[in-house]
Amino acid sequence: MNVANNGAPLVAYHGIAWGGGGDVANGELFRIAQLQLRRGEVTVLRGANGSGKTTLLKILAFLLRPPGMRAVVAGRALSWRRARAKLRSRLVYVHQEPYLFDASVTDNVAYGLLRAGAAAEPRAARVAGSLAWGGLGRLAGRNAKQLSGGERQRVALARAHALQPEIILLDEPVSAMDAAARARTVQLIGQLRAAGTGVVVASHEKLDGGFAVDRFLHLQDGRLSVSDSDPLA
């Protein structure tokens, strides 16, 4: 289960670099000396289109493997492969356009738990809880392919929530949403933070209301800067 932020990072990444030969001018997308993720913190990642926000999120989720990157998990230096295995269900990435199966909302929310080998009874309870959390109860039997964009994003969030991760990485979670869907998604992010889940949100849009932001990261010209104020403000 999620725990409150105790100041110790869940994972610290060292030597993140992607593309090129160590030089932005020669095609390197970015180079980051160190980045830490903590439980119970909300981090907003800013950057222009093409700056590498999605690539960085995938690296943080261990979906991409930068050469030479080191990861420290719970104070222990681990290889990329061992860190990925240790954090498989503790750190979850949600794509900007999440893939949903041609199946019911319930089956989509249950998918991650099925892959993780969760037993039927606790799996059903966690799925029901995540459906309620996401306000998806009335849609539980609907085919996920028939939902609106905002509803599909909530299904993806509920699927991640069911895994009870310690950190969730969200790629443009409110992109192209109407005002009502946007407000609901922002509210859910706030609830994640309140429950002690760390959240990293990559977005080029303002995220007004719903949750406090602990830090802003700005990816520009291959470098990452940290601030407690929004570069879009």
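Throughout this document, residue positions are counted from 1 along each chain, in the order its sequence is written. Per-residue local features of the predicted model are confined to residues with pLDDT of at least 70, and side-chain atom pairs are confined, for both listing and counting, to 80 or more; whole-chain, interface and lining totals are unaffected and use all residues. Calculation of side-chain values draws on the structure's entire complement of heavy atoms; hydrogens and water are dropped beforehand.

Novice: Is there a simple way to explain the sheet that holds strand 2 (residues 30-37) in this structure?
Specialist: Hydrogen bonds between backbone groups are what pair the strands of a sheet, and the pairing can be parallel or antiparallel. One bridge is not enough; two strands pair if DSSP finds at least two bridges between them. Numbered from the N terminus, helices here are DSSP runs of H or I no shorter than four residues, and strands are runs of E no shorter than two. The antiparallel open sheet is built from 4 strands, whose spatial order is 2-1-4-5. The open sheet has two edge strands, strand 2 and strand 5 (76-78), and neither has a second partner. Adjacent strand axes in the sheet meet at a mean angle of 20 degrees, parallel and antiparallel pairs treated alike. Two strands pair when backbone bridges link them, and strand 1 (residues 11-18) and strand 4 (residues 70-73) are joined in this way by 4 bridges, in the antiparallel orientation. Bridge assignment links Ala-12 to a residue of strand 4, and that residue is Val-72. Angles shown run from 0 to 180 degrees and are taken between the N-to-C directions of axes, each axis being a line fitted to C-alpha atoms and, for helices, limited to the stretch in contact.

Novice: Explain the side chain of Glu-28 here, please?
Specialist: Mapped onto the elements, Glu-28 comes out in the loop between strand 1 and strand 2. Polar contacts involving the side chain of Glu-28 include one to the side chain of Arg-31, which spans 2.9 Å. Any pair of N or O atoms that falls within 3.5 Å is considered a polar contact. Within protein, one atom must be able to donate a hydrogen and the other to accept it, and sequence-neighbouring residues count only if both atoms are side-chain atoms.

Novice: How should the nonpolar core be read in this particular structure?
Specialist: Generally speaking, soluble globular proteins have nonpolar side chains that are buried together. In plain words, nonpolar cores are sets of buried Ala, Val, Leu, Ile, Met, Phe, Trp, Tyr and Cys residues tied together by side-chain atoms within 4.5 Å. Partly exposed residues are those whose accessible area sits between 20% and 50% of the maximum for their type, while under 20% is buried and over 50% is exposed, using a 1.4 Å probe and protein chains only. Ranked by internal contacts, the top residues of the largest apolar core, which has 38 residues, are Val-105, Val-109 and Leu-170. Secondary-structure elements contributing two or more residues to this core are strand 3 (42-46), strand 6 (91-94), helix 3 (105-116), helix 4 (120-133), helix 5 (149-162), strand 7 (167-171), helix 6 (179-194) and strand 8 (198-202). We call two residues in contact whenever any of their non-hydrogen atoms come within 4.5 Å of each other. The contact partners of Val-109, leaving out residues within four places of it in the chain, are Val-127, Ser-130, Leu-131, Val-155, Ala-158, Arg-159 and Ala-162. Among the nonpolar cores identified, the runner-up in size contains 31 residues, and Leu-60, Val-73, Leu-91 and Leu-217 belong to it.

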